[in-house]
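Residue-level structure breakdown
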Amino acid sequence: MALLFSSCGLGAVMNLSALKTYVSSSPKKSLTCERSKIVAGNQGNKATANASAVVASEQLTKEDLIAYFSSGCKTKEMWRIGTEHEKIGFDVKTLRPIKYEQITALLNGISERFDWDKVMETGTIIGLKQGMQSISLERGCQLELSGAPIETLHQTYDELHSHLYQVKTVAEDLGIGFLGIGYEPKSSLEDATIVRKRRYDIIQDYLDRTGSEPDMGLRTCTVQVNLDYSSETDMIRKFRASLALQPIATALFANSPFSNGKPNGFLSIRSHLWIDTDKKRTGMIPFVFNDSFGFERYVEYALDLPMCFLHRNKSYLNCRGMTFRDFLFGKTSHIFHEQPTINDWENHIGTIWPEVRLKRYLEMRGADGGSREMLCALPAFWVGLLYDEESLQTVLDMIADWTTEEREMLRTQVPVTGLKTMFRDGPLKHVAEDVLKLAKDGLERRNYKETGFLDAVTEVAITGVTPAEKLLKLYNGDWGQSVDPMFHEMQY
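Each residue is numbered by its place in its chain's sequence as written, counting from 1. Owing to the predicted nature of the model, reporting of local features is limited to residues with pLDDT of at least 70; listing and counting of side-chain atom pairs is limited to 80 or more, with chain, interface and lining totals taken over all residues. Remark: hydrogens and water are excluded; side-chain values derive from all non-hydrogen atoms of the structure.

**Side note on the packing of aromatic side chains**
- Pairs were defined over the aromatic rings of Phe, Tyr and Trp, the Trp ring being its six-membered one, requiring ring centres within 6.5 Å. Orientation was assigned from the angle between planes: stacked under 30 degrees, edge-to-face over 60, tilted for the rest. For the structure shown, the criterion picks out 21 aromatic pairs.
- With 6.0 Å between their ring centres and 45° between their planes, Tyr157 and Phe453 make a pair best called tilted. Here the residue Tyr157 occupies a position in helix H4 (residues 153-174), and Phe453 occupies one in the loop between helix H14 (428-446) and helix H15 (455-463), the gap between them amounting to 296 residues.
- Exposure remark for Tyr157: the relative accessible area of 35% places this residue in the partly exposed category.
- Each ring, one from Trp274 and one from Trp353, has its centre 5.9 Å from the other, and the planes form 50°; the classification is tilted. In this pair, Trp274 sits in helix H7 (residues 269-275) while Trp353 sits in strand S13 (residues 353-354), placing the two residues 79 residues apart along the sequence.
- You can call Trp353 buried: its relative accessible area is 1%.
- Within the aromatic cluster, the residues linked to one another by ring pairs are Tyr68, Phe69, Tyr229, Phe239, Phe287, Phe293, Phe295, Tyr298, Tyr301, Phe324, Phe327 and Trp345. Here a helix means four or more residues in a row that DSSP labels H or I, a strand means two or more in a row labelled E, and each is numbered from the N terminus. Buried residues are those whose accessible area, probed at 1.4 Å on protein chains only, stays under 20% of the maximum for their type, while exposed residues exceed 50% and partly exposed ones sit between those limits.

And the structure:
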């Protein structure tokens, strides 16, 4: 998953008149958001204010930061589905990671053949944009599609297949391919191709100082689903349900059992690596389950986390561990002349990486990258659970007595043992089966004929065999203890 927030969103536009209506009817203290601080605009799926549109003529306040989240509230008919997925590129002849020249050639080729706009940085192509979709590069040259906010899972399917067709059409001419897996299975960290962006360098410098894994973001690959909320109460309910069940999703979609050409002892090493990454801004954030949780509590959490960078005049300034609270209240030294903007806040919350993340929508972040079928199954799983009131309430009832210790145990153990993880009176497989039944029921009540998208993940739950365990069986059998056949069999 991106170490910086990705551009996929759910069409959440900062509508000030709607925001004022919302906050004026809120039972909590009045929240204001002045036009001089947040400028409304039709930004599509770009969930960030344009830097040129941000005016800092008035001091940003904590209330503005709370209002930022409340502005994401949408009526149910406006709820959308956003999907982001990453792919690991490789040279077809050598099976080694693709070079930077190859990935830029791919981006140029897609732009020219399929009419995408180029995104440039210091004269170099770093991504593409077409309507409300964008294609970007992760730090290890993983190729990511941030999809448009769409209404049905059938549209998700169409978007995915169109994207993969375009990528494959251009990639074949360049002699490169892409894997659907959660971690680069063959090459060493030294072989990784690093995308040199100033923001990535600053983030990596910060992570190095926190003792995080050195290859975080270089070899990992994920799929993510973004969903809307209608109110602060709805956000709280969906946040709790999705956070508690995130280890279930990690188990069902576990698909990264290899590193450096051999089994690594995990079913999802991608998920495990996040456990050792800056614990202050990752993990299961237990305060979500406290009675005091809401927009303001999440703001308090984010305020006390160190900032990574500021973006000013097309340059990135290293914040050197300064918290956003210090920045907000002027307790700074090396950037004393800078004033905080709502764009700074958006950048900051995009460098927080819990298992579920709050923006002006909720991001489900616990799954490994996988096959086409599994990429479609993840949004089906979460839409069925969170966009249906009956299924959502049943989930909340199910998890009501799960303790902080149990949730942490699942988060830590699932990357190792998957659905075989013991939970209370039996293996986690039984919980996963119950949850998938709720997801299916929720999709049926949507009346879009979407339940078929759950077929691939339903098979995982019924058999108790994760995608990673299927790969390990092939490795120890037909593949003769080599990961090389994977590059053909798992190629998109």
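**Overview of helix H6 (residues 232-252)**
- Taking 1.5 Å of rise per residue, 21 residues should cover 30 Å, and H6 covers 29 Å from first to last C-alpha, within 8% of that figure.
- Bend, at a single residue, is the angle you get between axes fitted to the 7 residues ending at that residue and the 7 residues starting at it. In H6, a bend of some 45° at Gln246 exceeds every other bend along the element, and Pro247, a proline, comes one to four places later.
- Across the 21 residues of H6, 19 count as buried, placing the element largely inside the fold. Every helix has an expected span of 1.5 Å times one less than the residues it contains.

**Remarks on unusual backbone geometry**
- With phi around 60°, Asp115 is a residue other than glycine that occupies positive phi space.
- You can call Asp115 exposed: its relative accessible area is 62%.

**Remarks on the packing of helix H11 (residues 372-386) against H15**
- Where H11 contacts H15, the two axes come as close as 7 Å, and the packing angle between them is 90°. Judged on the interaxial angle alone, H15 and H11 are roughly perpendicular. Contacts between H11 and H15 pair Glu373, Met374 and Ala377 from the former with Ala456, Val457 and Val460 from the latter.
- Residue polarity is assigned by list, with Asp, Glu, Lys and Arg as charged and Ala, Val, Leu, Ile, Met, Phe, Trp, Tyr, Cys and Pro as nonpolar; anything else, Gly included, falls into the polar class. In terms of residue class, the contact of H11 with H15 is built from five nonpolar, no polar and one charged. Note on geometry: axes are C-alpha line fits, over the in-contact stretch for helices, and angles between N-to-C directions span 0 to 180 degrees. Throughout this description, any angle smaller than 35 degrees is read as roughly parallel, any larger than 145 degrees as roughly antiparallel, any in the 65 to 115 degree range as roughly perpendicular, and the remainder as oblique. By definition in these notes, contact holds between two residues if any of their heavy atoms fall within 4.5 Å.

**Details of empty space enclosed by the protein**
- Whether a set of points on the 1 Å grid over the protein atoms alone is a cavity depends on a 1.4 Å probe fitting there but being unable to get out, while an open set qualifies as a pocket with protein on both sides within 12 Å along at least five of seven lines; lining residues are those with an atom within 4 Å of a point. Grid points are joined across faces, edges and corners, and a volume is the space filled by probe spheres set on the points. If you walk through the whole model with that rule in mind, you get six cavities of 30 Å³ or more.
- When its volume is computed, the largest cavity comes out at roughly 120 Å³.
- Ile88, Gly89, Pro97, Ile98, Gly140, Cys141, Gln142, Glu184, Ala192, Thr193, Leu218 and Arg219 together form the lining of the largest cavity.

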